[in-house]
Amino acid sequence: MRFLLLLSLTAALLLGGYWVFAAQMIERQGAAIMGQSPQLDGRVEPVTGFPLAFRTTITQPVWRSRDGRSGWTAAGLDLASTSYQPNRISARLPAAQSVRLGGIDIALDARDMRATVEIGADQSLRAADLSLQSVQIEDTAPVTGIGQSALDLRLIEGSRYALDAQISDLRLAPETLALVSPDASLPDLVSHIALTAEAEFARVLPLRTPFPDLQELVVTEARLDWGALQATMTGKLARSATGMMDGQILLVLQDWRPFHALLVAQGTLPPDAAMLAGMFLASQAAPGTNAVTLPLDLREQVLSLGPFALAQLPRF
């Protein structure tokens, strides 16, 4: 009996000592990160949760991009992890938040937003999850609402990550819809967007320094459900010696006509080429349907369908 009592007391002391030491390290490292990074700001509150968990709050957290044109801030950010897995941190984000995009501050309100990150011993990102529900965004933003969204990122091997992202009920602002679909052929509600892919970076994603360049993206499936525009994509993109992205994407359209109308309305297809492009798409349709499968080429960030240049993609 004495032996069991001594063993229990020793275990309790060791656990308590470990918790106190780890809690002090969390507070010190958190304060150091905030103090050393010009892109982060906030105050790390004392750690609680003894002895089975670590819980703290960052009051007035701020993240800002290097150029100051993008950022995020809120009143507070609650963080928690278990004592036996302190490198897996869960975050509960507040309802009211402010996001800066292109120098413009945008207020948003989320009914529920949670995130989890898993950190490696080398301070790299091993896994990340983000989920949100019922996000309302002020009218000045390009998007005014999101029904649900989920992001799952997992390190597979080396610096290769598996990515799974989904967005449901994405509502576009009137100005955005007028810009994307000038002929008003598409609704302001995008029902579903999904992406399943593997991404290879120059190295594992660090937490304290800027993200490395994306080297390769293999798209297992991308899906768009937007009114009459129903599309899926697969493909592979890779960074070339020039630093630009090259590759090929296979686009499957359930009906080529909304896609064609969108290109014409945006001016991507000039009037003298619109009829020719329509005839080409119709000739590629499966017998008795309007479904087509189109190979899209990406060269030096320019996405093309045969001789027709569709878009100049931004560098990433």
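In case you missed it, the structure is sitting above this.
Residues numbered from 1 in each chain as written. Predicted model: local features only at pLDDT ≥ 70, side-chain atom pairs only at ≥ 80, totals over all residues. Heavy atoms only, no water.

Chemist: Could you clarify how one ought to interpret the overall build of the chain in this entry?
Modeler: In terms of regular secondary structure, the chain is built from four helices and 17 strands. Taking the principal axes of the C-alpha coordinates as reference, the chain spans close to 90 × 40 × 40 Å. A separation of at least 24 residues holds for 46% of the contacts in the chain among residues at least 6 apart in sequence. Summed over its atoms, the accessible surface of the chain is roughly 17900 Å², and 62% of this surface lies on carbon and sulfur atoms. (Helix = DSSP H or I, 4+ residues; strand = E, 2+ residues; numbered from the N terminus. Contact = heavy atoms within 4.5 Å. Areas by Shrake-Rupley, 256 points an atom, 1.4 Å probe, with all protein chains shown as cover.)

Chemist: Just to check I follow, could you spell out the side chain of Asp129 for this structure?
Modeler: By secondary structure assignment, the location of Asp129 is in strand 8 (residues 125–137). Here the side chain of Asp129 touches Arg154 through a polar contact of 2.8 Å, side chain to side chain. With residues up to four places along the chain from it excluded, the contact list for Asp129 reads Arg88, Arg114, Ala115, Thr116, Leu151, Asp152 and Arg154. (Polar contact = N/O pair within 3.5 Å; in protein donor to acceptor, adjacent residues only side chain to side chain.)

Chemist: Is there a simple way to think about the environment of Leu250 in this case?
Modeler: Note on placement: Leu250 falls in strand 14 (residues 245–253). Residues Leu250 and Thr232, spaced 18 residues apart in sequence, show a C-alpha to C-alpha distance of 8.3 Å. Residues in contact with Leu250, not counting those within four places in the same chain, are Thr232, Met233, Thr234, Thr293, Leu294 and Pro295.

Chemist: I would appreciate a short explanation of the pairing of strand 4 (residues 76–82) in the present structure.
Modeler: Where a strand is regular, its side chains alternate between the two sheet faces. With seven bridges joining them, strand 2 (residues 53–64) and strand 4 adopt antiparallel strand pairing. Each bridged residue has a counterpart across the sheet, and for Thr59 the counterpart in strand 4 is Gly76. Here strand 4 runs beside strand 5 (residues 85–92); their pairing, made up of four bridges, is antiparallel. Considered in strand 5, the bridge of Thr82 is made with Gln85. The hairpin formed by strand 4 and strand 5 contains two residues between the paired strands. (Pairing = 2+ DSSP bridges.)

Chemist: I would appreciate a short explanation of the pairing of strand 7 (residues 104–119) in the present structure.
Modeler: Where strand 5 lies against strand 7, five bridges are found, and the strand directions are antiparallel. Each residue of the ladder has a partner; that of Ser90, found in strand 7, is Thr116. Where strand 6 (residues 96–101) and strand 7 come together, six bridges link them in antiparallel fashion. Of the residues in strand 7, the one forming a bridge with Arg100 is Asp105. Hairpin connection between strand 6 and strand 7: a loop of two residues separates the two successive antiparallel strands, and Gly102 in this loop has a positive phi of roughly 60°.

Chemist: Explain unusual backbone geometry to me, please; I cannot follow it from the model alone.
Modeler: Glycine aside, negative phi is the norm for most residues, and most peptide bonds take the trans geometry. Residue Pro51 is reached from Phe50 by a cis peptide bond, and omega for that bond is 0°. Position of Pro51 among the secondary structure elements: in the loop between strand 1 (40–44) and strand 2. Phi is positive for Asp169, which is not a glycine, with a value near 55°. Note that Asp169 resides in strand 10 (residues 160–172). Positive phi, close to 55°, is recorded for Glu300, a residue that is not glycine. Within the element layout of this structure, Glu300 appears in the loop between strand 15 (292–299) and strand 16 (302–305). Taking relative accessible area as the criterion, Glu300 reaches 35% and is therefore assigned partly exposed. (Buried < 20%, exposed > 50% of the residue type's maximum accessible area, 1.4 Å probe, protein only.)

Chemist: What is the right way to read the nonpolar core from this model?
Modeler: Most often, soluble globular proteins have nonpolar side chains that are buried together. With 59 residues, the main nonpolar core has Val135, Leu253, Phe259 and Leu294 as its most contacted residues. Excluding residues within four positions of it along the chain, Leu253 makes contact with Leu229, Gln230, Ala231, Phe259, Asn290, Ala291, Val292 and Leu294. (Core = buried A, V, L, I, M, F, W, Y, C linked by side-chain atoms within 4.5 Å.)

Chemist: Whenever I open this one, the pattern of salt bridges confuses me. Can you help?
Modeler: Should their charged atoms come close, side chains of opposite charge can pair. One pass over the full model with this rule turns up 16 salt bridges. Between Arg92 and Asp112 there is a salt bridge, with the nearest N and O atoms lying 3.5 Å from each other. One end of the pair, Arg92, is in strand 5; the other, Asp112, is in strand 7, and 20 residues separate them in sequence. Residue Glu198 is joined to Arg160 by a salt bridge in which the shortest nitrogen-to-oxygen separation is 2.9 Å. In this pair, Glu198 sits in strand 11 (residues 189–201) while Arg160 sits in strand 10, placing the two residues 38 residues apart along the sequence. Classification of Arg160 by relative accessible area gives buried; the value is 16%. Taken together, the shared-partner salt bridges in this structure form one network comprising Arg88, Glu118, Asp129, Asp152 and Arg154. (Salt bridge = Lys/Arg side-chain N within 4 Å of Asp/Glu carboxyl O.)

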